[in-house]
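Each chain, letter by letter, is given below.
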Amino acid sequence: MNSLITRIEGHIDTLSKFTATPGKGTTRLTYSKEDRLARDYIKEKMKEYGLQVREDGFGNIFGKLEGTLEDAPSVLIGSHFDSVPNGGSYDGPAGVIAGLEVAALFAENQLTPKYPLEVIALIEEEGARFSGGLMGSRGITGLLSEEDFKNLRDKDGISPEEAMVKIGLDPSLPKKRDFQTIKAFLELHIEQGPILEEKNIPLGVVEAIVGLTQFEITVEGQAGHAGTTPMERRSDALVTAAKMIAQFPTLAIEEGDGTVMTTGQLHVYPNGANVIPKTTVFTVDIRSSKEEHIQTVIRKMKDLIESYNGDGIHISARQQLYMRPKTMNQDILTLLKQTSSALDLPYCSINSGAGHDAMVLSDFTEVGMLFIPSKDGLSHCPEEWSDSRHLANAVQVFYETAKKLTEAEEK
Ligand SMILES: [Zn+2]
């Protein structure tokens, strides 16, 4: 157990060094130099732990331990390895590390699985570079088409394919994965909230993941001189956006049941101190554990847009992402709970307020998910921290679970 904790801390420390903002948290955008460095480290560890490594046409990484059954589907374990700007060291990497360490335990105990074990490290879950998010999992399941993938652009107008080639990846490799090749998916993630820490429980077994949708709203007005255009003659795109955004919290609170609504990104054009804003583009992120709440908030947001249209202002909304709330697989849930009890690890059931790759994959395979406590409930910031002992506990649970799912036997 101690060597496991030491290895986990080594992985966390090393991966956290691959950041574009040293001293100011982890900034690891997809297909960046830091992505390349983290990728090389993950691939090196996969090989060290006896896995066969391959990448797909999105740059997702797969490390496979073959099973004895021919053409059998794999049990996947992993998460994503990109980050938000100035994020922490655990969101994403903790889950990839859990996968790596399960593979290490398979190697250490010389297990031969019947069904292959695959450690996976997915790209662009956060959507910090190409927006939308969950790109690796949406890509392999075909929810993101090759065409849509090709047409994405980052804020500098760079396409994913151009960015891939720049760090030596091959976008022409196969992209969509045949579902027949996947038996189950296990994901460990930090909770990113305060519940487990408050309850002093080391492990959360995720029952459901909230649904979410993201919109990009564009407000078009009329540019003009900040000094010479009278107030009543203006069609100010930023003032209109601000009025709308200020009403979103009320929409979410009225809906209740933990429904949340956020504008986290806003761009103003031409963005000059003495120019009336012509265009404002901002994001809206809506989440709830019940689909009807998401639908109602979308409808109310569209009514709001209608009410501000006209008088030189034109507003359009583009939906970039829609995921229904998802429940996890009952058999795997039971297995995770039984395993935790057998290992004497206290656990509780929990819902996830954040979207995860597990949510995407749950439509295509049997999915199980574990949470570990987040210190002070913080995430997406440099202060993000989880205890390596908690991570090691989760590795033990996944190891036992993966042994059952892969029907592994000791030599
Ligand atoms: Zn994450």
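Rules and cut-offs
Residues numbered from 1 in each chain as written. Predicted model: local features only at pLDDT ≥ 70, side-chain atom pairs only at ≥ 80, totals over all residues. Heavy atoms only, no water. Helix = DSSP H or I, 4+ residues; strand = E, 2+ residues; numbered from the N terminus. Rg over C-alpha atoms; globule rule 2.2 N^0.38 Å. Buried < 20%, exposed > 50% of the residue type's maximum accessible area, 1.4 Å probe, protein only. Contact = heavy atoms within 4.5 Å. Areas by Shrake-Rupley, 256 points an atom, 1.4 Å probe, with all protein chains shown as cover. Lys, Arg positive; Asp, Glu negative; His and termini not counted. Charge placed at Lys NZ, Arg CZ, Asp CG, Glu CD. Domains from an automatic or database assignment. Buried area = accessible area lost by both parts, 1.4 Å probe. Salt bridge = Lys/Arg side-chain N within 4 Å of Asp/Glu carboxyl O. Polar contact = N/O pair within 3.5 Å; in protein donor to acceptor, adjacent residues only side chain to side chain. Nonpolar A, V, L, I, M, F, W, Y, C, P; charged D, E, K, R; others polar. Phe/Tyr/Trp six-rings, centres within 6.5 Å; stacked < 30°, edge-to-face > 60°. Lys NZ or Arg CZ within 6 Å of the ring centre and 35° of its normal. Core = buried A, V, L, I, M, F, W, Y, C linked by side-chain atoms within 4.5 Å. Expected span 1.5 Å × (residues − 1). Axes fitted to C-alpha atoms, helices over the stretch in contact; angles between N-to-C directions. Parallel < 35°, antiparallel > 145°, perpendicular 65-115°, else oblique. Left-handed = near helix turned anticlockwise from the far one by under 90°.

1. Details of the overall build of the chain
Then comes step 1: When you go through the chain residue by residue, the secondary structure sums to twelve helices and 18 strands.
Then comes step 2: For 411 residues, the compact-globule estimate of 2.2 N^0.38 gives 22 Å, and the C-alpha radius of gyration of the chain, at 23 Å, lies within 12% of that figure.
Then comes step 3: The buried share of the chain, taken over its 411 residues, is 56%.
Then comes step 4: Look at the contacts in the chain between residues 6 or more apart in sequence, and 78% of them connect residues 24 or more apart.
Then comes step 5: If you sum the accessible surface of the chain, you get close to 17700 Å²; carbon and sulfur atoms cover 49% of it.
Then comes step 6: Averaging the positions of the 42 positive and the 60 negative side-chain charges in the chain gives two centres separated by 3 Å.

2. A closer look at the domain arrangement of the chain
Then comes step 1: Segmenting the chain into domains produces domain 1 (2-210 + 325-410) and domain 2 (211-323).
Then comes step 2: For domain 1 versus domain 2, the distance between C-alpha centres works out to 33 Å.
Then comes step 3: Between domain 1 and domain 2 lies a buried interface of about 910 Å² when both sides are counted; carbon and sulfur atoms form 65% of it.
Then comes step 4: Contact with domain 2 buries surface across domain 1, with Gly 132, Val 210 and Pro 325 losing the most and accounting together for 53% of the total.
Then comes step 5: Linking domain 1 with domain 2 are zero salt bridges.
Then comes step 6: The interface formed by domain 1 and domain 2 contains zero residue pairs in polar contact (both at pLDDT 80 or more).
Then comes step 7: Across the side of domain 1 that touches domain 2, the residue classes break down as seven nonpolar, four polar and two charged.

3. Points about the pattern of salt bridges
Then comes step 1: Following the criterion strictly, the structure yields 25 salt bridges and no others.
Then comes step 2: Here Lys 114 ties to Glu 407 by a salt bridge, and the two come within 3.7 Å at their closest N and O atoms. Remark: Glu 407 occurs in the loop between helix 12 (388-406) and strand 18 (409-410) and Lys 114 occurs in the loop between strand 4 (111-112) and strand 5 (117-122); sequence separation between them is 293 residues.
Then comes step 3: The class for Lys 114 is partly exposed, based on a relative accessible area of 30%.

4. Side note on the packing of aromatic side chains
Then comes step 1: One pass over the structure, following the stated rule, counts five aromatic pairs.
Then comes step 2: Centroid distance Phe 248 to Phe 282: 6.4 Å. Interplanar angle 45°. Geometry classified as tilted. Taken together, the positions of Phe 248 in helix 8 (residues 237-255) and Phe 282 in strand 13 (residues 279-288) put the pair 34 residues apart, joining distant regions of the chain. Side by side, Phe 248 and Phe 282 carry an identical accessibility label, which is buried.
Then comes step 3: Taking NZ or CZ as reference, Arg 54 lies 4.3 Å from the ring centre of Phe 62, over its face.
Then comes step 4: The ring of Phe 58 has Lys 175 sitting right over it, with the charged end atom 5.8 Å from the ring centre.

5. Points about unusual backbone geometry
Then comes step 1: Cis rather than trans, the peptide bond between Tyr 269 and Pro 270 has omega equal to 0°.
Then comes step 2: The residue Pro 270 is located in the loop between strand 11 (266-269) and strand 12 (275-276) in this model.
Then comes step 3: Even without a glycine there, the phi angle at Tyr 31 is positive, about 65°.
Then comes step 4: Mapped onto the elements of the fold, Tyr 31 is located in the loop between helix 1 (2-16) and helix 2 (33-48).
Then comes step 5: Phi at Asn 271 takes a positive value of approximately 70°, unusual for a residue other than glycine.
Then comes step 6: Following the sequence through the fold, Asn 271 ends up in the loop between strand 11 and strand 12.

6. A word on the nonpolar core
Then comes step 1: Core analysis: the largest hydrophobic core is formed by 92 residues, its most contacted members being Tyr 31, Val 102, Phe 106, Leu 188, Leu 370 and Leu 391.
Then comes step 2: Each residue touching Leu 391, except ones within four places of it in the same chain, is listed here: Ile 8, Ile 12, Ala 94, Ala 98, Leu 188 and Ile 372.
Then comes step 3: Listed in part, the 21 residues of the second largest apolar core include Ala 237, Ala 241, Ile 286 and Leu 304.

7. Some points on helix 3 (residues 93-108)
Then comes step 1: An ideal rise of 1.5 Å per residue puts 22 Å on 16 residues; helix 3 measures up with 22 Å between its terminal C-alpha atoms.
Then comes step 2: With 14 of its 16 residues buried, helix 3 lies for the most part within the structure.

8. Brief notes about the packing of helix 1 against helix 12
A pair of packed helices can be characterised by two numbers: the angle between their axes and the separation between those axes.
Then comes step 1: Where helix 1 contacts helix 12, the axes come no closer than 9 Å and their chain directions differ by 110°. With respect to each other, helix 1 and helix 12 are oriented roughly perpendicular. As helix 1 packs across helix 12, the resulting crossing turns out to be right-handed. From helix 1, Leu 4, Ile 5, Ile 8, Glu 9 and Ile 12 reach across to helix 12, where they touch Ser 388, Arg 389, Leu 391, Ala 392, Val 395 and Gln 396.
Then comes step 2: Looking at side-chain class alone, the contact of helix 1 with helix 12 contains seven nonpolar, two polar and two charged residues.

9. Some points on the side chain of Ser 340
Then comes step 1: Following the sequence through the fold, Ser 340 ends up in helix 10 (residues 330-342).
Then comes step 2: When its relative accessible area of 0% is taken as the criterion, Ser 340 is described as buried.
Then comes step 3: Polar side-chain contacts of Ser 340 include one of 2.8 Å to the backbone oxygen of Leu 336.

10. Section: helix 12
Then comes step 1: Helix length check: helix 12, at 19 residues, gives a terminal C-alpha distance of 26 Å against a target of 27 Å (1.5 Å per residue), a fit within 8%.
Then comes step 2: Phi for Glu 407, located one or two positions after helix 12, is positive at around 50°.

11. Here's the deal with the environment of Gln 192
Then comes step 1: Along the chain, Gln 192 turns up in the loop between strand 6 (182-190) and helix 7 (195-199).
Then comes step 2: Remark: the alpha-carbon pair of Gln 192 and Trp 385, spanning 193 residues in sequence, is separated by 9.5 Å.
Then comes step 3: Those residues within four positions of Gln 192 in sequence are excluded, and the remaining contacts are Asp 91, Ala 354, His 356, Ser 374, Gly 377, Ser 379 and His 380.
Then comes step 4: There is a polar contact of 2.9 Å between the side chain of Gln 192 and the side chain of Ser 379.

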